[in-house]
Amino acid sequence: MTTDLSTIELGLDTFGDVTATAGTLNSHAKVLRDLIEEAVIADQTGVDFLGIGEHHRADFAVSAPEIVMAAAAAKTTRLRLGTAVTVLSSDEPVRLYQRLTTLDALSEGRAELILGRGSFTESFPLLGLDLSDYEELFEEKLDLFTRLLRDEKVSWKGRLRAPLKGATVYPRPEGAAPKVWIGVGGSPQSVVRAASHGLPLMLAIIGGAPGRFRPFVDLHQQVWEQIGQPPAPVGVHSPGHVGPTDAEAKERYWPGYKKMHDLIGGSRGWPPLRRDDFEREIVQGSLYVGSPETVARKIASTVRTLGLARFDLKYSAGPQDPAVQQDGVRLYGEKVIPLVRDMLSAKAA
């Protein structure tokens with residue numbers, strides 16, 4: 001797959017992790033207000049995209065990402081805004097389509113979605129859904145949602161939802177339908193699904209060497225070739241933090257990242273995160289932590305290795321200091337993005 005380096009998109013993602021000031025956790029309300037300020041900084045410093053995740057638990061503040069996106073759209077002018085991800089399995093495709101096209105109109109065409117299953121299952125019992133339908137819910141809802149994106153009048157029938165017969169859903173897009181990706185954690189079946197529905201692929205790479213995901217990129221391209229179409233874009237979402245120096249970036253990021261890792265890992269059987277493992281993941285894996293130069297080199301390498309159209313740095317990670325988090329956003333936009341573009345252009349020359 002060939003990437004047009006002149007069109008590479010460099011974005012940020014956040015799950016609205018609950019932050020901490022002077023060791024005290026901030027309220028969900030403050031986290032949401034701070035997130036809008038982070039969007040403004042991203043817009044002003046040249047970031048291409050901001051993805052906002054959906055969760056339904058105490059350690060994350062965002063459960064209604066489209067509302068946060070609308071607030072961010074009102075205070076920004078160029079930043080593209082999307083989800084990271086929308087948990088489609090526990091959502092309603094018709095209402096999701098309406099929220100997306102409404103946001104796209106209000107933002108003058110800057111809205112996107114990244115659809116996925118999510119890495120948590122709290123939304124299922126909360127919204128009255130049966131986890132035994134986990135696979136079928138996603139398949140059915142993805143099929144319906146992509147029909148809504150493609151067709152003005154939709155007739156559709158499934159097992160878990162009432163059918164539609166010649167339905168038109170409003171508001172209609174002003175121009176082309178908003179861009180929608182599928183977020184994938186690394187299963188071949190998910191990669192094939194993205195291509196079979198005609199959607200670009202967003203790989204969530206949160207550990208290990210990025211190069212090990214190259215077979216998934218190749219598989220995605222092969223499926224597109226089999227259906228006789230040019231391959232859709234591929235993007236990557238990975239965690240990290242930009243600081244003034246490598247040492248300072250690590251010291252700023254480590255405490256909150258460890259707390260987040262150990263909190264989630266405690267319910268999944270993971271051992272506590274060791275500092276050695278953290279350092280190793282920065283050097284060899286998929287943690288983009290360091291000075292602007294260090295982070296830029298690593299992003300440029302990943303973009304070249306995987307042939308990416310977009311790279312999104314997931315900058316929130318546990319109870320970080322909100323001022324430090326905002327500084328990381330600023331450094332990413334002001335320093336990292338220009339460096340990555342220069343590195344990619346120099347390599348291509």
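Residues numbered from 1 in each chain as written. Predicted model: local features only at pLDDT ≥ 70, side-chain atom pairs only at ≥ 80, totals over all residues. Heavy atoms only, no water.

(A) Expanded view of the nonpolar core. Leu12, Leu50, Phe145, Leu203, Ile299, Phe311 and Tyr332 are the most contacted members of the largest nonpolar core, which has 71 residues in total. The element best represented in this core is helix H11 (residues 322–348), accounting for seven residues. Residues within four places of phenylalanine 311 in sequence aside, it is in contact with Glu9, Leu10, Gly11, Val236, Ser238, Tyr288, Ile299, Val303 and Tyr332. Core analysis: the second largest hydrophobic core is formed by 15 residues, Phe15, Phe60, Tyr253 and Ile264 among them. (Core = buried A, V, L, I, M, F, W, Y, C linked by side-chain atoms within 4.5 Å. Buried < 20%, exposed > 50% of the residue type's maximum accessible area, 1.4 Å probe, protein only. Helix = DSSP H or I, 4+ residues; strand = E, 2+ residues; numbered from the N terminus. Contact = heavy atoms within 4.5 Å.)

(B) Expanded view of the pairing of strand E11 (residues 201–204). As defined by bridge partners, strand E10 (residues 179–184) adjoins E11 across three bridges and the pair is classed as parallel. Bridge pairing links valine 184 to leucine 203 in E11. For the handedness criterion, the β-α-β arrangement of E10, helix H6 (residues 188–196) and E11 is classed as right-handed. In this structure, E11 lies alongside strand E12 (residues 234–242), joined through four bridges in parallel fashion. Bridge pairing links leucine 201 to valine 234 in E12. (Pairing = 2+ DSSP bridges. Right-handed = clockwise from strand over helix to strand, strands pointing away.)

(C) Up close: the environment of serine 119. You can see serine 119 is positioned in the loop between strand E7 (112–116) and helix H4 (123–126). Taking relative accessible area as the criterion, serine 119 reaches 47% and is therefore assigned partly exposed. Along the sequence, serine 119 and glycine 185 sit 66 residues apart, while their C-alpha atoms lie 9.0 Å from each other.

(D) Representation of helix H3 (residues 93–106) in the model. Compared with an ideal rise of 1.5 Å per residue, which puts 14 residues at 20 Å, H3 spans 20 Å between its outermost C-alpha atoms and is within 8% of the ideal. Among all positions in H3, only Pro93, Val94, Leu96, Tyr97, Gln98, Leu100, Thr101, Leu103 and Asp104 are buried. Those residues of H3 that are buried lie in contact with helix H2 (65–74), strand E6 (86–87), E7, helix H5 (134–150), strand E9 (164–167) and E10. Its side-chain oxygen placed 2.9 Å from the backbone nitrogen of valine 94, glutamate 92 serves as the N-cap of H3. Backbone geometry just after H3 places glutamate 108 at a positive phi near 55 degrees. (Expected span 1.5 Å × (residues − 1). Polar contact = N/O pair within 3.5 Å; in protein donor to acceptor, adjacent residues only side chain to side chain.)

(E) Representation of helix H9 (residues 275–284) in the model. Taken together, the buried positions of H9 are occupied by Phe278, Glu281 and Ile282. Seen along its axis, H9 keeps its buried residues to an arc of 100 degrees; they face one direction. Looking at H9, the residues exposed on the side facing more than 90 degrees away from the buried face are Asp276, Val283 and Gln284. Of the surrounding elements, those touching the buried residues of H9 are helix H8 (246–266), strand E13 (288–290) and helix H10 (292–306). (Arc of directions from axis to C-beta.)

(F) Seen up close, the pattern of salt bridges. On inspection of all chains with the given rule, the structure shows 28 salt bridges. Of the charged contacts in the structure, one is a salt bridge between arginine 80 and glutamate 112, with a shortest N-O distance of 2.6 Å. With a gap of 32 residues between them, arginine 80 in strand E5 (residues 80–83) and glutamate 112 in strand E7 connect regions that are remote in the sequence. Given the relative accessible area of 1%, glutamate 112 is considered buried. Across the pair aspartate 91 and arginine 99 runs a salt bridge whose closest N-O atoms are separated by 2.7 Å. Since its relative accessible area comes to 13%, aspartate 91 is described here as buried. With a relative accessible area of 25%, arginine 99 lands in the partly exposed category. Residues joined in a network through salt bridges with shared partners are Glu9, Arg80, Glu112 and Arg310. (Salt bridge = Lys/Arg side-chain N within 4 Å of Asp/Glu carboxyl O.)

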